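Structural characterization, general
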Amino acid sequence: MTLLLVGAGSQAYREYLLRSVAGEYEIHLLAEREPAWEAPYLAGHTVVDTTDVPAMAAAARGISCEGVLTWDDTRVVQTAELARLLGMPGSPPEAAMRCRDKWATRDALREAGVPQARSELVTSLPQARAAAARTGYPLVLKPRALNASTGVTKVESAEQLASRYRLARGATAPGATELAPGDVLVEEYLDGPEISVDCAWSEGRMSPAFVARKECGFAPYFEETGHLVDGGDPLLEDPRLLETVAAAHAAVGFTTGWTHTELRLTADGPKIVEINARIGGDRIPDIGRLALGVDAALTAARVACGKEPQLTPSHRKVAGVRFLYPEADCIAREVLIDSRALPASVDTALAIALPGQELRLPPRGHVSSRYALVTATADGAEECRAALDKAAEAVRLEVLRPL
């Protein structure tokens, strides 16, 4: 069976997904450059502008394929449009756009009465000041259609608003085709733990896969420094949480595919932060596999080909991922990993930074400031965190020079 894949993403964060899908499907990649690390996993490829849906459709017409998939957040709308043009399974492009456009998400959830943060869309600093006065402090500013927490910042007082508004308004991300550059959301700050829920969807039926508990750093920015998936997490069967996730997807019209939904567990119950119409990033599907034996990539591929998801856990462990950052902005010389010092429970220790790469901490850089990642599996959360701590000590960044 052949699957069309729109974009492969970065090797550090997406190769394990491609490897998994290639074990069952012949993959034809549609991408904007010739394949490099992706090549061993591919049956074919076409170099094409992935923002140009008719061009992708023309490239695909000579290929006998069963489905279309992407895990690139910046291409979920184009992939949904391509699936519709080719008559493949998937959610309506309009639903993908409501997920991609954070203001459209807010509007749809508000109309449906789904619990979420209060939000206002602004296009100027005076509008932001007026919205902030109505919202109250602390509040959150976020760009309308970026990902990976780029440009998202907490504002504690009116004195901080102008500088942090300029940061949110000027934020950019590679590959993003912004809906309205400069649009910013002024939102109520939701207090409470932040989680994500990855689910498969088949014609409106939800199959929850795993819940990840997020670890953030570099306040006032919301840099994701790690995640933990507990195979026995009671949230996996929490009726209120699952009802909120289901209602949110009904509101935006998402019916078939895979989604990564972010929420805050507030004193008033779970509230939606955002819905991403693709597999979770940050190696969350990888630790979901380690914790539960659930293969998100393969399941997403099967759903994209019109099959029912199968997400029965084979075991229940705790797995986590930790991202490593420099102490200050710098240029990397080399990342050294002492494999002998890694705990036996470590699954992956991976250098991310390349020699000569600039590493800039938030807000000047976000995901691109990481120099390595480690993942580990254990019987309990504290044991898993301890293994990640020890694994981090076995990884060293050599700095060429500070920035």
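Now for a quick tour of the structure. (Residues numbered from 1 in each chain as written. Predicted model: local features only at pLDDT ≥ 70, side-chain atom pairs only at ≥ 80, totals over all residues. Heavy atoms only, no water.)

As for its placement among the helices and strands, R164 is situated in helix α7 (residues 158-170). An unpaired buried charge is present at R164: no salt bridge exists, and E156, the closest side chain of opposite charge, is 6.4 Å distant. Side-chain polar atoms of R164 contact the side chain of Q160, separated by 2.9 Å. Aside from chain neighbours lying at most four places away, what touches R164 is L141, T153, K154, V155, E156 and P220. (Helix = DSSP H or I, 4+ residues; strand = E, 2+ residues; numbered from the N terminus. Buried < 20%, exposed > 50% of the residue type's maximum accessible area, 1.4 Å probe, protein only. Lys, Arg positive; Asp, Glu negative; His and termini not counted. Salt bridge = Lys/Arg side-chain N within 4 Å of Asp/Glu carboxyl O. Polar contact = N/O pair within 3.5 Å; in protein donor to acceptor, adjacent residues only side chain to side chain. Contact = heavy atoms within 4.5 Å.)

An α-helical turn contains 3.6 residues, so a residue and the one three or four places further along point in the same direction. With 13 residues, helix α11 (residues 381-393) should reach 18 Å at 1.5 Å per residue; the first-to-last C-alpha distance of 19 Å fits that figure. Residues of α11 that are buried sit in contact with β11 (223-230), β14 (318-324), β16 (346-351), β18 (372-378) and β19 (395-402). (Expected span 1.5 Å × (residues − 1).)

Below, the discussion takes up helix α5 (residues 102-112). Of all the positions in α5, only K102, A104, T105, R106, A108 and L109 are classed as buried. Backbone geometry just after α5 places G113 at a positive phi near 75°.

Let us now look at unusual backbone geometry. Cis geometry marks the peptide bond from Y137 to P138, where omega comes out at -5°. As for its placement among the helices and strands, P138 is situated in the loop between α6 (125-135) and β6 (139-143). For the bond running from A219 to P220, omega is 10°, close enough to zero to count as cis. Along the chain, P220 falls in the loop between β10 (205-217) and β11. Although it is not a glycine, E203 adopts a positive phi angle of roughly 50°. Within the fold, E203 resides in the loop between β9 (194-202) and β10. Even without being glycine, R283 reaches a positive phi, approximately 65°. Here R283 shows up in the loop between β13 (269-276) and α9 (284-292). Here R283 falls in the buried class, since its relative accessible area comes to 7%.

With that settled, the discussion passes to the sheet that holds strand β5 (residues 119-122). The sheet built from four strands is open, its strands ordered β5-β8-β6-β7 with antiparallel pairing. In this open sheet, the two strands that pair with only one neighbour each are β5 and β7 (153-155). Each strand axis lies, on average, 25° off the axis of its neighbour in the sheet, ignoring direction. Here β5 runs beside strand β8 (residues 184-188); their pairing, made up of four bridges, is antiparallel. Residue pairing across strands places E120 opposite V186, the latter belonging to β8. (Pairing = 2+ DSSP bridges. Axes fitted to C-alpha atoms, helices over the stretch in contact; angles between N-to-C directions.)

Attention shifts here to the sheet that holds β19. Strand order in this open sheet of three strands is β17-β15-β19, and the pairing throughout is antiparallel. If you trace the sheet from one side to the other, it starts and ends with β17 (358-359) and β19, each paired once. Of the pairings in the sheet, the one linking strand β15 (residues 330-337) to β19 comprises seven bridges and is antiparallel in character. In the strand pairing of β19, I337 is matched with V395.

As a further point, take the environment of V273. Here V273 lies in strand β13. With relative accessibility at 15%, the residue V273 sits in the buried group. Spatially, the C-alpha atom of V273 lies 16 Å from that of T135, the residues being 138 residues apart in sequence. Setting aside chain neighbours within four positions, we find V273 in contact with R106, K142, L190, E194, E262, L263 and R264.

So, on to the packing of α6 against α7. At their nearest, the axes of α6 and α7 sit 10 Å apart, and the two run at 130° to each other. Between α6 and α7, the crossing angle belongs to the class labelled oblique. Of the two possible hands of crossing, α6 and α7 adopt the one that is right-handed. Between α6 and α7, the residues in contact are L125, A128, R129 and A132 and L161, A162 and Y165, respectively. (Parallel < 35°, antiparallel > 145°, perpendicular 65-115°, else oblique. Left-handed = near helix turned anticlockwise from the far one by under 90°.)

For the structure on display, the rule yields 35 salt bridges. A salt bridge links R19 to E15, with the nearest nitrogen and oxygen atoms 3.9 Å apart. Placement of the pair is R19 and E15 together in helix α1 (residues 11-22), with a separation of four residues, close to one helical turn. A relative accessible area of 44% places R19 in the partly exposed class. On the basis of relative accessible area, E15 is assigned to the buried category, the value being 16%.

Our next topic: the nonpolar core. Formed by 47 residues in total, the largest nonpolar core has its most connected members in L3, V21, L69, W71, F210 and W258. If you list the elements that add at least two residues to this core, you get β1 (2-6), α1, β2 (26-31), β10, α9, α10 (296-304) and β14. The element contributing the most residues to this core is α10, with seven residues. Residues contacting L3, with those up to four places away along its chain left out, are V21, Y25, E26, I27, H28, G67, V68, L69, A301, A304 and C305. Core analysis: the next-biggest nonpolar cluster, separate from the first, contains 25 residues, A108, V114, V211 and I275 among them. (Core = buried A, V, L, I, M, F, W, Y, C linked by side-chain atoms within 4.5 Å.)

Fair warning: the whole summary comes from geometry, so function is off the table for now.
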